[in-house]
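A structural walkthrough
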Amino acid sequence: MTGHNLALPLLLSVSDVTRLIRNSLEDQFQDVWIEGEISNLRAPSSGHLYFTLKDSQSQLRGVLFRSGALRLRFALQEGLAVIARGRISVYEPRGEYQLIVDSLEPKGVGAFQLAFEQLKERLSQEGLFDEARKRRLPAFPRTVGVVTSLTGAAIRDIVAVLRRRCPIVNLLIAPVPVQGDGAGASIAEAIDALSAMPQVEVLIVGRGGGASEDLWAFNEEAVVRAIARSRVPVVSAVGHEIDVTLSDFAADHRAPTPSAAAEAVVPVLDEIMERLDELARRLSRIVDTMLQMQRHRFERSLNVLHEIRFRIQTEAQRLDELRDGLTRIFTEQLTTLHREMVERRHLLLAQGPQSRIQRSLVLIPQLCKRLEQEARRGLIGRRQSVALQMAALDALSPLAILQRGFSIVQTVSDGRVLRRASDVAVGASVQVRLAEGQLVCQVDKVMPSSIA
Amino acid sequence: MAAVKFEYAMARLETIVAELEKGDLPLDDSLKIFEEGIRLSKTCLKMLEDAERKVEILVQEKDGKKRIQAFSPGEDESENS
């Protein structure tokens, strides 16, 4: 060994020695399994992954080139305990030795399990599994799309259940391999294809039971994303009750088995028919009842109308009677009044000036006549008496006395006939009436004693 | 499509029956929705009776195009088992 070493030239370049170290290391550590914890993880755009594997005392640089990184079932992350398989080499530009990783397995859990958890976490962060995204299944789809294998028990179960529950439903099956390489891609493509068919209203995606590796395709991101973006609600039905895949999380409804999925997507036709029948029966019954009620109401109203009409007629009759009575009474009263009025008028006319005038007009000529007769008779009598009187008068007339020489003395002042001298004073004017003519004399002397 | 209409028709029918059973609609309106209800129930029934009962599969042709063809699960099963 030392001899060999001594055979080396004494003066080496850095590159020489680095290459020598590299060769030496690569020879010694061609295929090692190393257990450690991932740290300082870097994932540049080149696709290579750089990290440090460490344990409590040491660190080892590691690299996983792009081709290996793509094959990784899970994502590397800080702190992850892994078992790395590879060879030790030297990165000559830096003179650093490192582990070139061929494959990585998570320590403890299986790679599948870890990948499952990691993808679940990532898609969950994205909101793909949110309850709010879940859509209600259509109550009664006409066409159900199924993505599964044609050869499995799943399709048989699904067809049987659909036929039994709802024989009229249409089924559109997109046959896919449900396990093996490329299964995930086929399933995702089939989901997209069925989702794009306008007649499909709900999808069942699944397969029958199998080993958990066999269900792997339903954990693939492509499948999960295809389920999440499906136009129509998706029911997942993968394996048995205990098998849970990421497809189940993304689906709008998780069925424990394919049969359960079929039950979930279609109603029992008989129940629908029954419901429809019942609704139609209730509809008819309600309307029958309603019409009957309305008819009764109508008839009641009609009766009321009849009653009212009868009452109106009665009232009209009474009114007629009253009017007749009234008219009769009025007429009678009018007649009475008229008669009384005529009578009174007669009375009045009889009492009035007209009749008196009438009578008077008759009386006046009679009276006139009588008056004339009376007058005439009176006049004759008077005339005779006047003549007699005049003769007597003539005999008694002072004038006749005067003829015989007597005279009559009167005061001028008051015409008094003087019988005594003392009736006048001296100086008074007296008138002396003679048989012919008169004298006015002044009293010169009054001699009260007679003869002398 | 048709199912949406069917669901709508059923839901509407339920509403109509409930509405009528409440009994506080005027007669005219009642009769109107009653007729609608009868029409709906007939439509629903017809939809059920007209159903095609098809089972088909979506197959991929060699040129990559997809085609729908009738499928009989019984036959297929026997071929494969």
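First things first, this report covers the structure right here in the doc. (Residues numbered from 1 in each chain as written. Chains lettered and ligands numbered in written order. Predicted model: local features only at pLDDT ≥ 70, side-chain atom pairs only at ≥ 80, totals over all residues.)

**Observations concerning the overall build of chain B**
Where we set the bar: We count a stretch as a helix when DSSP gives it H or I for four or more residues in a row; a strand needs E for two or more, and each element gets its number in order from the N terminus. Exposure classes come from backbone-placed C-beta atoms, where a residue is buried if 20 or more other C-beta atoms lie within 10 Å of its own, exposed if 12 or fewer do, and partly exposed in between. It is the C-beta atoms, placed from the backbone, that decide contacts: two residues are in contact if theirs lie within 7 Å.
For chain B, the helix and strand inventory stands at three helices and two strands. For chain B, the N- to C-terminal ordering of α and β elements is α-α-β-β-α. Counting the 81 residues in chain B, one finds 21% classified as buried. Excluding contacts between residues fewer than 6 apart, the proportion of contacts in chain B whose partners are at least 24 apart in sequence is 34%.

**Considerations on the sheet that holds strand β11 (residues 408–411) of chain A**
All names here are of chain A. Keep this limit in mind: Strand pairing follows a simple DSSP-based rule, namely that at least 2 bridges must link the two strands. Note on geometry: axes are C-alpha line fits, over the in-contact stretch for helices, and angles between N-to-C directions span 0 to 180 degrees.
With respect to topology, three strands assemble into an open sheet ordered β11-β12-β13, the strand pairing being antiparallel. Lying at the two open borders of the sheet, with one neighbouring strand each, are β11 and β13 (438–442). Between one strand and the next, the sheet's axes are offset by a mean angle of 30 degrees, whatever the strand orientation. Relative to strand β12 (residues 429–433), β11 is paired through four bridges, and the arrangement is antiparallel.

**Describing the interface of chain B and chain A**
Put simply, an interface is often sized by how much accessible area is lost when its parts join up. Test applied: Any residue outside Ala, Val, Leu, Ile, Met, Phe, Trp, Tyr, Cys, Pro, Asp, Glu, Lys and Arg is labelled polar, Gly included; the first ten of those are nonpolar and the last four are charged.
Each partner contributes to the interface: chain B provides 34 residues, whereas chain A provides 32 residues. Looking at the side of chain B that touches chain A, the elements that each hand over two or more residues are α1 (2–22), α2 (27–49), β1 (55–60), β2 (66–70) and α3 (73–80) of chain B. Tallied by class, the residues present in the side of chain B that touches chain A amount to 20 nonpolar, four polar and 10 charged. Where strand β7 (residues 170–175) of chain A and β1 of chain B come together, three bridges link them in parallel fashion. By the bridge assignment, Leu172 of chain A is partnered in β1 of chain B with Glu56 of chain B.

**Points about the sheet that holds strand β1 (residues 32–42) of chain A**
All names here are of chain A. Here we have five strands rolled up into a closed barrel, ordered β1-β2-β3-β5-β4, and mixed in their pairing. For this sheet, the mean angle separating the axes of adjacent strands, direction not counted, is 55 degrees. With two bridges connecting them, strand β3 (residues 59–64) and strand β5 (residues 96–106) associate as parallel partners. In the strand pairing of β5, Val63 is matched with Ile100.

**Observations concerning helix α6 (residues 183–195) of chain A**
Inclusion rule: To estimate how far a helix should extend, the number of its residues minus one is multiplied by 1.5 Å.
Counted at 1.5 Å a residue, the expected span for α6 of chain A with its 13 residues is 18 Å, and the 18 Å between its end C-alpha atoms agrees. For α6 of chain A, the set of buried residues is Ala183, Gly184, Ser186, Ile187, Ala188, Ala190, Ile191 and Leu194 of chain A. Among the structural elements, β6 (143–148), β7, β8 (202–207) and α7 (221–229) of chain A together with β1 of chain B are those in contact with the buried residues of α6 of chain A.

**Describing the nonpolar core**
The cut-off we apply is this: The term nonpolar core means buried Ala, Val, Leu, Ile, Met, Phe, Trp, Tyr and Cys residues held together as one set by C-beta atoms within 7 Å.
Ranked by internal contacts, the top residues of the largest apolar core, which has 58 residues, are Ile187, Leu203 and Ile204 of chain A. Not counting chain neighbours up to four residues away, the residues in contact with Leu203 of chain A comprise Gly145, Val147, Ile191, Leu194, Ser195, Ser230, Val232, Val234 and Val235 of chain A. Counting 17 residues, the second largest nonpolar core, distinct from the first, contains Phe140 of chain A together with Phe6, Phe34 and Cys44 of chain B.

The analysis is restricted to geometry; functional conclusions fall outside its scope.
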